[in-house]
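Residue strings, one per chain:
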Amino acid sequence: TDYIIPRLFFETAKKHASKSSLGKKPEKGRPYAYISYAELEKRVRYMAAAMLDMGVEARDRVAIMSENAPEWVISDLGIMSSGALNVPVYPTLTHEQLEYILNNCEAKGIVVSNNTHYQKVMRIWEQVPTLKFIIYVDPVVEDANCSIETLSFAALLEKGEASLSEHEATIQERIDGT
């Protein structure tokens, strides 16, 4: 069998469905909150379906500008499961560096973790003609002048959940590389 990351992930998730997969510390002094592999698999599938809803085609590029977090992993696996390519972007980059990378890879979208990263995108979105959507994890101060589709991560997963049945065959084809 080919060692394709999404395929290996789904095999692992199926084998370990009830075990903990990802954890996140909700706030200082609180214990880590974990999600199971089964829950992670659902979220990855929702992300992949949402990417297809957003017009992502096989081999398109979608950037992720985020610190290490469960949403980074879900985005990474969801983007790959949609047939697209993930372009990780260091959160410490300046807006000029971000503009260069997004243009160079012709990014169709970007996932940002917080308002700081969102504001970097707001400084450059008009100079990145391929950019069609922005997804944010933590709340942001949205720029009313931005004409690019902008969604919260939670809303994106809801969108994917609503359309998963419609996209399931395409997702499987893209995971299988057919």
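Definitions and limits used
Residues numbered from 1 in each chain as written. Predicted model: local features only at pLDDT ≥ 70, side-chain atom pairs only at ≥ 80, totals over all residues. Heavy atoms only, no water. Helix = DSSP H or I, 4+ residues; strand = E, 2+ residues; numbered from the N terminus. Contact = heavy atoms within 4.5 Å. Pairing = 2+ DSSP bridges. Axes fitted to C-alpha atoms, helices over the stretch in contact; angles between N-to-C directions. Right-handed = clockwise from strand over helix to strand, strands pointing away.

J.: Would you explain the environment of Ala107 in this entry?
T.: You can see Ala107 is positioned in strand 5 (residues 107-112). The spacing of Ala107 and Met51 is 56 residues in sequence and 13 Å in space, taken between C-alpha atoms. Apart from the residues within four sequence positions on either side, Ala107 is in contact with Arg61, Leu102, Thr130 and Leu131.

J.: Help me understand the sheet that holds strand 5, please; the structure alone is not making it clear to me.
T.: Adjacent strands of a sheet form backbone hydrogen bonds with each other and so pair up, either parallel or antiparallel. Reading across from one edge, 4-3-5-6-7 is the order of the five strands in this open sheet, with parallel pairing throughout. With partners counted over all chains shown, the strands left at the sheet margins are strand 4 (85-89) and strand 7 (149-152), one partner each. The average undirected angle you get between the axes of adjacent strands in this sheet is 20°. The pairing of strand 6 (residues 133-136) with strand 7 spans four bridges and is classified as parallel. Within strand 7, the residue paired with Ile135 across the bridge is Leu151. Set on the sheet, helix 5 (residues 115-124) makes contact with strand 3 (61-65), strand 5, strand 6 and strand 7; between it and strand 5 the angle comes to about 150°.

J.: Looking at this structure, how should I read the pairing of strand 4?
T.: Two faces, one strand: in a regular strand the side chains alternate between the faces of the sheet. Bridging between strand 3 and strand 4 involves five bridges; their strand directions are parallel. Bridging from a neighbouring strand, Ala63 pairs with Val87 of strand 4. The β-α-β motif built from strand 3, the intervening helix 3 (residues 70-81) and the parallel element strand 4 has right-handed crossover chirality.

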